[in-house]
Amino acid sequence: MVHFVGAGPGAKDLITLRGKELLEKADIIIYAGSLVNPELLSFAREGCEIYDSKELNLNEVMDIILKAEEAGKTTVRLHTGDPSLYGAIREQMDILDERKISYDLTPGVSSFCGAAAALNMEYTLPGISQSVIITRMEGRTSVPERESVEELAKHGATMVFFLSSFDTKGLSERLLASGVSPQMPCAIVYKATWQDEKKFICALKDLHETAEKNNIHKTALIIVGEAVAQAGYEKSRLYAPDFSTEYRTGTQNNAKEK
Ligand code: SAH
């Protein structure tokens with residue numbers, strides 16, 4: 001059996017209880033050492049074999065898993081944040097499907113949630129933005145043209161850029177060229193929820209300089225949008241005193257809206 005487990009964004013206590021239990025029982029752990037906090041490995045039982053996947057290619061990872069299966073062992077494949085985002089898990093699951101090996105997924109706290117916590121931020125502020133676009137700039141992996149920075153910026157929604165802090169110059173230039181205001185609030189969150197977390201808020205025009213000055217080129221998220229300012233929003237209808245819901249009667253009876 002293979003368990004794909006989300007390690008969470010960094011802090012050791014941000015893995016799920018299920019993820020921790022799977023780590024405690026695993027015979028083999030393969031973890032993404034470039035981003036997973038090694039403190040999580042302290043949950044491994046004695047005698048557990050531990051491999052860092054940052055030094056391995058897909059075939060090598062799969063060899064370890066397939067050998068473990070032959071020996072009737074349980075493997076935990078520990079991915080950073082939530083495995084469903086930029087986790088490269090599909091290619092692993094496809095090989096397991098071919099071999100008829102069972103597996104399951106345990107979600108994790110994605111780094112974009114860790115970053116919101118670092119900033120005391122609500123992404124979806126009424127009257128500001130009700131959508132979050134999770135995306136990346138192209139690097140070695142391409143991005144479909146219809147999902148280019150330029151296309152997505154048209155929505156005016158809150159944007160969270162993964163895997164893009166290596167080129168804050170390119171990113172800010174492309175956003176500006178797409179018509180995003182030079183004053184648009186941005187946040188850079190480096191190693192959200194780790195001990196050495198760093199966070200910066202600046203205007204889009206200063207994004208690159210802020211990243212440069214603080215030497216941030218990786219392990220960071222860049223958040224762009226009015227929501228970053230956390231101001232000028234409308235209060236939620238759900239908690240408005242005059243508003244009735246399925247669960248409580250407000251001072252005016254308008255129970256239909258949700
Ligand atoms: N599955 C992960 C993302 C993996 S892609 C998740 O759900 O978070 C790797 C990218 O995620 C990094 O380049 C960086 O942009 C971002 N990232 C991962 N951990 C981070 C953290 N603790 N703080 C800020 N960004 C992080």
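Residues numbered from 1 in each chain as written. Predicted model: local features only at pLDDT ≥ 70, side-chain atom pairs only at ≥ 80, totals over all residues. Heavy atoms only, no water.

(A) Up close: the pattern of salt bridges. In this structure the tally under the stated criterion is 14 salt bridges. Here Lys73 ties to Glu49 by a salt bridge, and the two come within 3.5 Å at their closest N and O atoms. Placement of the pair is Lys73 in the loop between helix 2 (58–70) and strand 4 (75–79) and Glu49 in strand 3 (residues 49–52), with a sequence separation of 24 residues. Judged by its relative accessible area of 30%, Lys73 falls in the partly exposed class. (Salt bridge = Lys/Arg side-chain N within 4 Å of Asp/Glu carboxyl O. Helix = DSSP H or I, 4+ residues; strand = E, 2+ residues; numbered from the N terminus. Buried < 20%, exposed > 50% of the residue type's maximum accessible area, 1.4 Å probe, protein only.)

(B) Examining the sheet that holds strand 2 (residues 28–31) more closely. Read from one edge of the open sheet, five strands run 3-2-4-1-5, paired in parallel fashion. The strands lining the two open edges of the sheet, one partner per strand, are strand 3 and strand 5 (103–106). Put simply, the sheet's adjacent strands are angled 15° from each other on average, direction ignored. Here four bridges tie strand 2 to strand 3, and the two strands are oriented parallel to one another. Across the sheet, residue Tyr31 finds its bridge partner in strand 3, namely Asp52. Sitting on the sheet, helix 2 is in contact with strand 1 (2–6), strand 2, strand 3 and strand 4, with an inclination near 165° to strand 2. (Pairing = 2+ DSSP bridges. Axes fitted to C-alpha atoms, helices over the stretch in contact; angles between N-to-C directions. Contact = heavy atoms within 4.5 Å.)

(C) Geometry of the site of the ligand. Every one of the 18 residues lining the ligand counts as a neighbour, but Leu85, Ser110, Ser111, Ala192 and Ala220 are closest to it. For the ligand, a nitrogen atom lies 2.7 Å from a polar atom in the backbone of Leu85. With respect to the ligand, the backbone of Ala192 contributes an N or O atom lying 2.8 Å from a nitrogen atom. About the coverage of the ligand: the protein hides 95% of its 540 Å² of free accessible area. Viewed by domain, the shell around the ligand spans two of them, domain 1 (2–106) and domain 2 (111–229), each represented by three or more residues. (Near = heavy atom within 4 Å. Polar contact = N/O pair within 3.5 Å; in protein donor to acceptor, adjacent residues only side chain to side chain. Areas by Shrake-Rupley, 256 points an atom, 1.4 Å probe, with all protein chains shown as cover. Domains from an automatic or database assignment.)

(D) Summary view of unusual backbone geometry. The phi dihedral of Thr193 is positive, around 75°, even though this residue is not glycine. Of note, Thr193 is situated in the loop between strand 8 (185–190) and strand 9 (198–203). For Thr193, a relative accessible area of 18% corresponds to the buried category. One non-glycine residue, Thr219, adopts positive backbone phi at about 50°. Owing to a relative accessible area of 28%, Thr219 belongs among the partly exposed residues under this scheme.

(E) Summary view of the sheet that holds strand 8. Taken in spatial order, the five strands line up as 6-7-10-8-9 in an open sheet, and their pairing is mixed. Bordering the open sheet on either side are strand 6 (132–136) and strand 9, each of which pairs with just one other strand. Each strand of the sheet is rotated relative to its neighbour by a mean of 20°, with strand direction disregarded. Of the pairings in the sheet, the one linking strand 8 to strand 9 comprises six bridges and is antiparallel in character.

(F) Expanded view of the domain arrangement of the protein chain. Once the domains are mapped, the protein chain shows domain 1 (2–106) and domain 2 (111–229). Taken over C-alpha atoms, the centre of domain 1 sits 29 Å from the centre of domain 2. Taken together, the 11 residues of domain 1 in the interface contact 12 residues of domain 2. If you sort the residues of domain 1 by the area they bury against domain 2, Pro9, Leu85 and Tyr86 come out on top, with a joint share of 59%. There are zero salt bridges connecting domain 1 and domain 2. Linking domain 1 with domain 2 are three residue pairs in polar contact (both at pLDDT 80 or more). Its residues assigned to classes, the side of domain 1 that touches domain 2 shows eight nonpolar, three polar and no charged. (Buried area = accessible area lost by both parts, 1.4 Å probe. Nonpolar A, V, L, I, M, F, W, Y, C, P; charged D, E, K, R; others polar.)

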